[in-house]
Amino acid sequence: MPLDRDPWSRKICVYRAHGPADGHFMRDLLVSSGIPVEMRGELLSSLQGAIPLADSWPSLWVVPHNEARARSIIDSMDTAPSGAGWACGCGETNASSFGSCWACGRDRPGLGQGEDPADAA
Ligand SMILES: [Zn+2]
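Residues numbered from 1 in each chain as written. Predicted model: local features only at pLDDT ≥ 70, side-chain atom pairs only at ≥ 80, totals over all residues. Heavy atoms only, no water.

Asks: Describe the coordination of the zinc ion, and please don't skip the residues or the numbers.
Replies: Distances from the zinc ion to its protein donors, Cys88 (SG), Cys90 (SG), Cys101 (SG) and Cys104 (SG), fall within 2.2 to 2.3 Å. Around the zinc ion sit four donor atoms; with metal-centred angles ranging over 102 to 117 degrees, the donor geometry is tetrahedral. All donor residues of the zinc ion come from one chain, and their arrangement in sequence is C-x1-C-x10-C-x2-C. Under the relative-accessibility criterion, cysteine 88 is labelled buried at 7%. (Donors = N, O, S within 2.8 Å, 3.2 Å for Na, K, Ca; no water. Tetrahedral: all angles 85-135°; square planar, octahedral: opposite > 155°, others 65-115°. Buried < 20%, exposed > 50% of the residue type's maximum accessible area, 1.4 Å probe, protein only.)

Asks: Just give me the short version of the nonpolar core, but keep the residues and values in it.
Replies: In this structure, Val14, Tyr15, Leu30, Ile35 and Leu60 are the most contacted members of the largest nonpolar core, which totals 20 residues. Mapped onto this core, the elements with two or more residues apiece are β1 (12-16), α1 (20-32), β3 (59-62) and α2 (67-78). In terms of residue count, the dominant contributor to this core is α2 (four residues). Not counting residues within four places of it along the chain, the set of residues in contact with leucine 60 comprises Ile12, Cys13, Val14, Tyr15, Gly23, Met26, Arg27, Leu30, Val37, Glu38 and Met39. (Core = buried A, V, L, I, M, F, W, Y, C linked by side-chain atoms within 4.5 Å. Helix = DSSP H or I, 4+ residues; strand = E, 2+ residues; numbered from the N terminus. Contact = heavy atoms within 4.5 Å.)

Asks: Explain the packing of aromatic side chains to me, using residue names and the numbers behind them.
Replies: Going through the model one piece at a time under the given rule, you end up with two aromatic pairs. Taking the centre distance of 6.1 Å and the plane angle of 40 degrees together, the rings of phenylalanine 25 and tryptophan 102 count as tilted. Taken as a pair, phenylalanine 25 in helix α1 and tryptophan 102 in the segment after β5 (93-94) lie far apart in primary sequence, 77 residues in all. A relative accessible area of 23% places phenylalanine 25 in the partly exposed class. The structure contains a cluster of three or more aromatic residues connected by ring pairs, namely Phe25, Phe98 and Trp102. Here arginine 40 stacks its cationic end above the ring of tryptophan 61, 3.8 Å away from the centre of that ring. (Phe/Tyr/Trp six-rings, centres within 6.5 Å; stacked < 30°, edge-to-face > 60°. Lys NZ or Arg CZ within 6 Å of the ring centre and 35° of its normal.)

In structure tokens form, the structure reads like this:
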């Protein structure tokens, strides 16, 4: 098959993750929305020190006809209208729309009733 017949040969980078867990989360989100995603750069994290850190984080690539949809999904996660995300006790930051931490699954502090704040200490 000629290379230019391969749709993946013209994919577009739609997201650069803030870390490996972030990359996996966003990839899963897009895939569950029906958008095939290729994650690049994951293996490079083992090369940290040889390359700038940001370049060692995963990036997500989609075919051109999925770009707009992928970006809208990513934007809706990245920039919540209300602005402020919330910080989990594990140190990760979550979008304000999340009810639980994407990294560790802990419930959002103060969201439910009877949440024990001492748990975060
Ligand atoms: Zn967490």
